[in-house]
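An overview of the molecular structure
Residues per chain are reported as follows:
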Amino acid sequence: MATAYIAKIPEFTEEPFENWQAFKDAFLQQFTDNNTFITLCNCFRNIKQETSETVMTYLGRFNKLLRQIRQLETNNYYSDAQILDQFIAGLKDKLIKKVHLHALADLATAIRHAKSYEMAIEKANHTKLVNLAIGETSLTAEKKID
């Protein structure tokens with residue numbers, strides 16, 4: 001079955017490939033539907049962190065989509081700067097504002113800042129809930145005393 005696929009690749013029948021990447025590019029060009037690539041790129045441009053999603057879960061979806069695009073592309077369709085911009089643009093609004101406060105050189109730095117701000121927000125929310133619970137408990141205790 002693989003022989004039938006390989007035989008359909010014009011470059012393979014003319015001369016051997018220089019390297020694995022050349023074979024992969026020819027194979028994908030021959031057998032990948034261009035609509036798949038376009039669909040993946042549209043999904044990538046519109047990826048957003050869900051309301052209940054952590055930065056790490058969003059990053060997992062982001063990386064999976066980027067890997068799928070990288071497997072289909074024959075050249076680097078997205079630059080590192082475009083990938084960084086898209087990652088930040090897909091974050092929750094409150095994280096975007098915080099991450100943009102820094103001069104970001106690369107994706108790893110953006111991820112580190114986003115995770116740090118997410119943890120700070122979660123800690124602040126937890127503290128508010130604890131304070132609220134303590135306040136309600138003391139109010140309930142005061143009512144019982146009355």
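Residues numbered from 1 in each chain as written. Predicted model: local features only at pLDDT ≥ 70, side-chain atom pairs only at ≥ 80, totals over all residues. Heavy atoms only, no water.

Turning our attention to the confidence of the model for the protein chain. Within the protein chain, residue pLDDT values average 81, and 74% of them lie at 70 or more. For the protein chain, the element scoring lowest by mean pLDDT is helix H2 (residues 10–14), at 54; helix H6 (residues 80–90) scores highest, at 94. (pLDDT = per-residue confidence, 0-100. Helix = DSSP H or I, 4+ residues; strand = E, 2+ residues; numbered from the N terminus.)

Further remarks concern the packing of helix H4 (residues 34–45) against helix H5 (residues 55–72). Their axes nearest at 10 Å, the elements H4 and H5 cross at an angle of 150 degrees. Judged by the angle between their axes, H4 and H5 are roughly antiparallel. In this structure, H4 crosses over H5, and the sense of that crossing is left-handed. For the pair H4 and H5, contact is made by Thr36, Phe37, Leu40, Cys41, Cys43 and Phe44 and by Phe62, Leu65, Leu66, Gln68, Ile69 and Leu72, respectively. Across the contact of H4 with H5, the residue classes break down as 10 nonpolar, two polar and no charged. (Axes fitted to C-alpha atoms, helices over the stretch in contact; angles between N-to-C directions. Parallel < 35°, antiparallel > 145°, perpendicular 65-115°, else oblique. Left-handed = near helix turned anticlockwise from the far one by under 90°. Contact = heavy atoms within 4.5 Å. Nonpolar A, V, L, I, M, F, W, Y, C, P; charged D, E, K, R; others polar.)

Spanning 18 residues, H5 covers 26 Å between terminal C-alpha atoms, matching the ideal 26 Å at 1.5 Å per step. All of the buried residues in H5 are Val55, Tyr58, Leu59, Phe62, Leu65, Leu66, Ile69 and Leu72. For H5, the angular spread of the buried residues around the axis is 155 degrees, confining them to a single face. (Expected span 1.5 Å × (residues − 1). Buried < 20%, exposed > 50% of the residue type's maximum accessible area, 1.4 Å probe, protein only. Arc of directions from axis to C-beta.)

A separate point is the nonpolar core. Of all hydrophobic cores here, the largest spans 27 residues; its most connected members are Phe44, Phe62, Phe87, Ile88 and Leu91. Secondary-structure elements contributing two or more residues to this core are H4, H5, H6, helix H7 (93–99) and helix H8 (107–145). When residues in this core are grouped by element, the largest group, eight residues, is from H5. (Core = buried A, V, L, I, M, F, W, Y, C linked by side-chain atoms within 4.5 Å.)

A few words on the pattern of salt bridges. For the structure on display, the rule yields one salt bridge. Linking Arg61 and Glu53 is a salt bridge whose minimum nitrogen-to-oxygen distance equals 2.7 Å. Look at Arg61 and you get partly exposed, because its relative accessible area is 33%. Overall, Glu53 belongs to the buried group, its relative accessible area being 8%. (Salt bridge = Lys/Arg side-chain N within 4 Å of Asp/Glu carboxyl O.)

In this structure, Val55 sits in helix H5. Considered as a pair, Val55 and Lys92 are 37 residues apart in the sequence and their alpha carbons are 8.9 Å apart. Ignoring sequence-local partners within four residues, the contact set of Val55 consists of Gln49, Phe87, Leu91, Leu95, Ala114, Lys115 and Glu118.

Running from N to C, H5 and H6 point in directions that differ by 140 degrees, and their axes come no closer than 11 Å. Between H5 and H6 lies a crossing of right-handed hand. Here H5 contributes Val55, Tyr58, Leu59, Phe62, Leu66 and Arg70 to the contact with H6, which in turn contributes Ile83, Gln86, Phe87 and Gly90. Taken together, the residues that form the contact of H5 with H6 break down as seven nonpolar, two polar and one charged.

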